[in-house]
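# Examining the three-dimensional arrangement
The primary structure of each chain is shown beneath.
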Amino acid sequence: MELLISLISGAVGGNAAGKLVGKIDQGPLINSISGIVGGGLGGQVLSMIGAGRLAGGGMDIAGIIGQVASGGVGGGVVLAIVSVVRNALAK
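Residues numbered from 1 in each chain as written. Predicted model: local features only at pLDDT ≥ 70, side-chain atom pairs only at ≥ 80, totals over all residues. Heavy atoms only, no water.

Position of serine 83 among the secondary structure elements: in helix α4 (residues 61-90). Take serine 83: its relative accessible area is 1%, and that puts it in the buried class. Side-chain polar atoms of serine 83 contact the side chain of glutamine 26, separated by 3.3 Å. Excluding its chain neighbours within four sequence positions, the residues that come into contact with serine 83 are Lys23, Ile24 and Gln26. (Helix = DSSP H or I, 4+ residues; strand = E, 2+ residues; numbered from the N terminus. Buried < 20%, exposed > 50% of the residue type's maximum accessible area, 1.4 Å probe, protein only. Polar contact = N/O pair within 3.5 Å; in protein donor to acceptor, adjacent residues only side chain to side chain. Contact = heavy atoms within 4.5 Å.)

Printed below as a string of structure tokens:
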């Protein structure tokens, strides 16, 4: 369940980042895919650095907020990376 929350919040975070920062917007499909990847990675990274309770420590409110935050931020970061790579390849 924790992974699903991270993936969904990643997709939302990727699309939100794309809309907020027009330069990195790659369209809804790429934004969502990047966000899903980033959401999954965001939870894993937080677990590896020792903040596992925030990334997936349970279904209490703190755990859910941590999953949503890590997924959303991870989605935005991966979208920014994808945008930089795609723009560099286009030149």
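What follows concerns helix α1 (residues 2-20). An ideal rise of 1.5 Å per residue puts 27 Å on 19 residues; α1 measures up with 26 Å between its terminal C-alpha atoms. Every buried residue of α1 is listed here: Ile5, Ser6, Ser9, Gly10, Ala11, Gly13, Gly14, Ala17 and Gly18. (Expected span 1.5 Å × (residues − 1).)

Moving on, we get to the environment of isoleucine 65. Residue placement: isoleucine 65 occurs in helix α4. Here isoleucine 65 falls in the exposed class, since its relative accessible area comes to 54%. Sequence separation between isoleucine 65 and glycine 14 is 51 residues; the distance between their C-alpha atoms is 17 Å.

What follows deals with α4. Its 30 residues place the ends of α4 43 Å apart at the C-alpha level, agreeing with the 44 Å of an ideal helix rising 1.5 Å per residue. Among the residues of α4, those classed as buried are Gly63, Gly66, Gln67, Ser70, Gly71, Gly74, Gly75, Gly76, Val78, Leu79 and Ser83.

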